[in-house]
Amino acid sequence: MFKFTKDFNCCKTVSCANFGLSNRNSDSYIQKSERLGYLSIECELCGSNPPWISNSLVKNLIAEKLELQFGQKVVGCKKCSPYYFMMATPDSKLHGFTSAGTQRKKCTHCGGIFTLPDFKNIDALKQVLNSVTEKKEVKAAIQESGLSARLYYFYLNKLSLIFSNFSRLNELQLLNREYLGIHSEGRLLSLNHQRALYHLFSVEIESGYVLLQSNNLTKLAISEAAVYQETTNTLAANIDSDNIETVLLARYQSNLKRNHFEQLLIGSVKPLGRSSAIYPDKVAYTHFQLLKAFTDNVQRHDHFIEHESTLRSAALMSSYAAIKNGSANVFYFLPFLSNAGKLNGQPLGWWNDIWFSNEIGAFSSITRKYKTTPSFKIKKGTAIESYHCYLNNNLNKNINSMQVVNDLSEIYRVLYNYCEDEGGATAASQLGLVQKCYQPEQLLALAIKQLSNK
Ligand SMILES: [Zn+2]
Ligand SMILES: [Zn+2]
């Protein structure tokens, strides 16, 4: 079982001897330095000042989002294996039936007895699925379904759990791979009434399969300082130019205008009811730690991240051990289709990052110095943009509940992966997880069948 990073306050300069070492393992740090006008950990070896991170806040966010993304299991012994990917589910044996006639099983490891999922009222699940695929307003959907509002949301959550469990079970196949390439970018998703969500998305690079999405909402009781309340927008946007060097330099420039490099702000946005919005840097640290679920089990992995300083630190901390032993690389990647201003190892920006470009975009390795163009496995750079468009087109803009946002996002992630046909194939079939493209109702039937037999 892998472990999440506990201490994020360390040097993030890959070439520095202090890289990734916490305060306990190095005495060449100045804790909580204010030399540059913001709270930082100062590395005395390389002179860098990474912003100070509240480890306890990130730890609590990881716990909350871990439960959402990989917990809530409806199959197997939850005592021995509460989360997908983190520990294998032990075998179990048939163990009679409940008084209602549902199959019970006994865990061969701890002897615990559990009941197999029994999905009652499949018609209600189908109705809710229909309202989701037809993008119905929730009020109208509830009226048409004949369900009470409480029951409608109950089945929406059930549908999300069925799809989530189905997809995580399928994704376990990825852990047997020798290599995994992941591409991650952040996006703002606007809702009505000045509400908006900051999302981080990660897709597998050859298929565009959406592995993980994290938003900036939390139900945790967090300190006032941790609650997002800003009016400035420091998101680095691509300027309108067909010259890739010009675009990259403008992105560096917008990063340099910040108070510090991880100060990623999204302008003035209102949080959704009964939840708090957190800062995008905390979303990044949390999201990339959760990605360990996929990367820690494969032999080699590459991470292609948006050209954004905040993601850089979070991605490095997530793959730290693998970077050290040479089995992981992190690249900046900017999808860019125009071939004007081809880059062939040019140093660019404040840090003189070395950039290369090919027909799908520009790349710069954060973890290794390349002298010639490295060969990249990434096939298309637009997968995250497609998924973001899909989510933006489908997600109801009147939502004002974190629970509903989470349920719907997860349902859409799975529908996108398994049902959206692009040139005769879905992301899931390209990734080799399934053989064909499913209609949403077929997918629901398949998921229920698969889960009921586990
Ligand atoms: Zn250093
Ligand atoms: Zn058990």
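Values in this document were obtained by computation on a predicted structure and should not be read as measured data.

**Re the coordination of the zinc ion (ligand 1)**
Coordination of the zinc ion (ligand 1) by the protein involves Cys11 (SG), Cys16 (SG), Cys43 (SG) and Cys46 (SG), with metal-donor separations of 2.3 Å. Around the zinc ion (ligand 1), the four donor atoms are arranged such that angles at the metal cover 103 to 117 degrees; this shape is classified as tetrahedral. All donors of the zinc ion (ligand 1) come from a single chain, and their spacing in sequence reads C-x4-C-x26-C-x2-C. Of this pair, cysteine 11 sits in the segment before strand E1 (29-33) while cysteine 43 sits in strand E2 (residues 40-43), and the two are 32 residues apart along the sequence. Exposure class is identical for cysteine 11 and cysteine 43. Each is buried.

**Details of the coordination of the zinc ion (ligand 2)**
The protein atoms that coordinate the zinc ion (ligand 2) are Cys77 (SG), Cys80 (SG), Cys107 (SG) and Cys110 (SG), at distances of 2.2 to 2.4 Å. Around the zinc ion (ligand 2) sit four donor atoms; with metal-centred angles ranging over 105 to 118 degrees, the donor geometry is tetrahedral.

**With respect to the nonpolar core**
Ranked by size, the top nonpolar core spans 128 residues in total, and within it Phe163 and Tyr418 carry the most contacts. Considering each element in turn, this core owes the most residues, 11 residues, to helix H11 (residues 402-419). Look past the residues within four positions of phenylalanine 163 in its chain and what remains in contact with it is Leu129, Ile411, Val414, Leu415, Pro440, Leu443, Leu444 and Ala447. Ranked by size, the runner-up nonpolar core spans nine residues in total, among them Ile205, Phe304, Phe363 and Ile378.

**As for the domain arrangement of the protein chain**
Domain boundaries assigned for the protein chain yield domain 1 (1-52), domain 2 (61-73 + 118-454) and domain 3 (76-116). Using only C-alpha atoms to locate each centre, domain 1 and domain 2 end up separated by 27 Å. Taken together, the 15 residues of domain 1 in the interface contact 20 residues of domain 2. Approximately 1,600 Å² of surface area, both sides summed, lies buried where domain 1 meets domain 2, with 70% of it carried by carbon and sulfur atoms. Taken as a group, Phe4, Lys12 and Phe19 account for 36% of the area that domain 1 buries against domain 2, more than any other trio of residues on that side. Put simply, domain 1 and domain 2 have zero salt bridges between them. At the boundary of domain 1 and domain 2, one finds five residue pairs in polar contact (both at pLDDT 80 or more).

**Some points on the pairing of strand E13 (residues 344-348)**
Both E13 and strand E14 (residues 353-358) contribute to a ladder of four bridges, which runs antiparallel. Paired with proline 347 across the strands is isoleucine 354, a residue of E14. Adjacent in sequence and paired antiparallel, E13 and E14 are bridged by four residues, among which glycine 349 carries a positive phi angle near 80 degrees.

**Digging into the packing of helix H1 (residues 55-70) against helix H6 (residues 280-290)**
Contact pair H1 / H6: the axes reach a minimum separation of 9 Å and the direction vectors enclose 50 degrees. Our classification of the angle between H1 and H6 gives oblique. The interaxial crossing formed by H1 with H6 has right-handed handedness. The residues of H6 that touch H1, namely those facing Leu57, Val58, Leu61, Ile62, Lys65, Leu66, Gln69 and Phe70, are Lys282, Tyr285, Thr286, Gln289 and Leu290. For the contact of H1 with H6, the per-class residue count stands at eight nonpolar, three polar and two charged.

**What to know about the packing of aromatic side chains**
Taken as a whole, this structure holds 24 aromatic pairs when the rule is applied. An angle of 55 degrees between the planes, with centres 5.1 Å apart, marks the rings of tyrosine 390 and tyrosine 416 as tilted. Taken together, the residues span a long stretch of sequence, with tyrosine 390 in helix H10 (residues 383-394) and tyrosine 416 in helix H11 at a distance of 26 residues. Accessibility assignment for this pair places tyrosine 390 and tyrosine 416 in one class, buried. Among the aromatic residues, ring-to-ring pairing joins Phe201, Tyr387, Tyr390, Tyr412 and Tyr416 into one connected group.

**Description of the environment of histidine 301**
Relative to the helices and strands, histidine 301 is located in strand E11 (residues 300-305). Of the residues examined, histidine 301 reaches a relative accessible area of 4% and is grouped as buried. With 121 residues separating them along the chain, histidine 301 and leucine 180 place their C-alpha atoms 4.8 Å apart. Those residues in contact with histidine 301, other than ones at most four positions away along the chain, are Tyr179, Leu180, Thr295, Ser319, Ala322, Ser327, Ala328 and Asn329.

**Digging into the layout of surface pockets**
In this structure, the largest pocket encloses a volume near 920 Å³. What lines the largest pocket is a set of 34 residues, among which Lys12, Thr13, Ser48, Arg312 and Trp351 lie closest to the centre. Contributions of two or more residues to the lining of the largest pocket are made by helix H8 (309-318), E14 and strand E15 (361-365). The residue makeup of the lining of the largest pocket, split by class, is 14 nonpolar, 13 polar and seven charged.

So, how was this worked out
Residues numbered from 1 in each chain as written. Chains lettered and ligands numbered in written order. Predicted model: local features only at pLDDT ≥ 70, side-chain atom pairs only at ≥ 80, totals over all residues. Heavy atoms only, no water. Donors = N, O, S within 2.8 Å, 3.2 Å for Na, K, Ca; no water. Tetrahedral: all angles 85-135°; square planar, octahedral: opposite > 155°, others 65-115°. Helix = DSSP H or I, 4+ residues; strand = E, 2+ residues; numbered from the N terminus. Buried < 20%, exposed > 50% of the residue type's maximum accessible area, 1.4 Å probe, protein only. Core = buried A, V, L, I, M, F, W, Y, C linked by side-chain atoms within 4.5 Å. Contact = heavy atoms within 4.5 Å. Domains from an automatic or database assignment. Buried area = accessible area lost by both parts, 1.4 Å probe. Salt bridge = Lys/Arg side-chain N within 4 Å of Asp/Glu carboxyl O. Polar contact = N/O pair within 3.5 Å; in protein donor to acceptor, adjacent residues only side chain to side chain. Pairing = 2+ DSSP bridges. Axes fitted to C-alpha atoms, helices over the stretch in contact; angles between N-to-C directions. Parallel < 35°, antiparallel > 145°, perpendicular 65-115°, else oblique. Left-handed = near helix turned anticlockwise from the far one by under 90°. Nonpolar A, V, L, I, M, F, W, Y, C, P; charged D, E, K, R; others polar. Phe/Tyr/Trp six-rings, centres within 6.5 Å; stacked < 30°, edge-to-face > 60°. 1 Å grid on protein atoms, 1.4 Å probe; cavity = no way out; pocket = protein on both sides within 12 Å on 5 of 7 lines; lining within 4 Å. Points joined across faces, edges and corners; volume = space filled by probe spheres on them.

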